[in-house]
Amino acid sequence: MDFLEAKEIQVGLAVAAVVVVATAAYLYSSKKSKVGSIDPENFRDFKLVKKTQLSHNVAKFRFALPTPTSVLGLPIGQHISCRGKDSQGEEVIKPYTPTTLDTDVGYFELVIKMYPQGRMSHHFREMREGDYMSVRGPKGRFRYQPGQVRAFGMLAGGSGITPMFQVARAILENPKDQTQVHLIYANVTYDDILLKDEIDALATNYPGRFHVYYVLNQPPEEWTGGVGFVSKEMIQTHCPAPASDIKILRCGPPPMNKAMAGHLDALGYSSEMQFQF
């Protein structure tokens, strides 16, 4: 009887040891798989695996990460630097914010508006599937933590929507984060609106937490959104009022950023309540 009990104890200890080792291996591999694929000091090359033309001057670029389970490793609210060559063959480096998160494993995506005279726009225009992009990061002064504010107001213009979309996605897709998001997104024409389908999907899927108001300078007929430039009245109506537990984010062309800063100051938003990407 003593012999059998001793054997059972030995078997039990062996099983426990296997469980401990397996658990440790799993935790190690899980932690290891979350190591980011980018380097803040050195450029790394990523292969373009899919280029999707969204309009005459906008395209979505999907780049493969080192393995199917790799993550980019970009904190929410930060961006990457992309290196390329302009039409004269000179090196150019420009910051971009991916539209994907680290929940999107194995790849990252950039939605790029390519301007006729843009130096980096030329590089993206010339890129073909199979080419490589040199990327460095993360970069940026803003890093989001769930629950750090009660509500965000977001003032975006043109391609300035990408950091807003990244932050909004991270908030809304986290069931433990109840932060409210109020977005005002301004463009010249309807066709200039980037990520509209994705933004509208957020509004549909999270109606109590995400609110969007589009503003067009040259709207089509039967347009129900805002018209002209983003005004103080629009901000008052569609953004959270000044308070210690809210923050207004802005990202757009320099003239818009300057105008929005003036509006926010006039409405009583302190410098601590504002952040410009």
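Each remark here, short or long, concerns the structure printed above.
Model, not experiment: these values are computed from the prediction. Residue numbers here run from 1 along each chain, matching the order of that chain's written sequence. A pLDDT threshold of at least 70 governs which residues receive local features in this predicted model, and a stricter bar of 80 or more applies before side-chain atom pairs are shown or counted, although totals over entire chains, interfaces and linings include all residues. The side-chain figures draw on all heavy atoms in the structure; neither hydrogens nor water molecules are used.

**Examining the sheet that holds strand β4 (residues 91-96)**
Which entries qualify depends on this criterion: Think of it this way: DSSP has to see at least two bridges between two strands before they count as a pair. Strands here are runs of E lasting at least two residues and helices are runs of H or I lasting at least four, both read from the DSSP assignment and numbered beginning at the N terminus. Each axis is a line fitted through C-alpha atoms, taken for helices only over the stretch in contact, and angles between the N-to-C directions span 0 to 180 degrees. We call two residues in contact when some of their heavy atoms are within 4.5 Å.
Across the sheet, which stays open at both edges, the six strands sit in the order β4-β3-β6-β1-β2-β5 with antiparallel pairing between neighbours. On the outer flanks of this sheet lie β4 and β5 (107-113), each paired with one strand and no other. This sheet shows a mean twist of 40° between the axes of neighbouring strands, independent of strand direction. Where strand β3 (residues 79-85) and strand β6 (residues 132-139) come together, four bridges link them in antiparallel fashion. Note that in β6 the partner of His79 across the bridge is Lys139. Contacting β1 (44-53), β2 (58-64), β3, β4, β5 and β6, helix α2 (residues 119-126) runs over the sheet at an angle of about 80° to β3.

**Quick word on the sheet that holds strand β7 (residues 151-157)**
Read from one edge of the open sheet, six strands run β10-β9-β8-β7-β11-β12, paired in parallel fashion. The open sheet has two free edges, formed respectively by β10 (226-227) and β12 (274-276), since each of these has just one partner strand. Of the strands in this sheet, β7, β8 (180-187), β9 (210-216) and β11 (246-251) touch helix α3 (residues 161-172), which is tilted by about 150° from β7. Contacting β8 and β9, helix α4 (residues 196-205) crosses the sheet at an angle of about 145° to β9.

In short, the description is geometric, and any link to function would need to be established separately.
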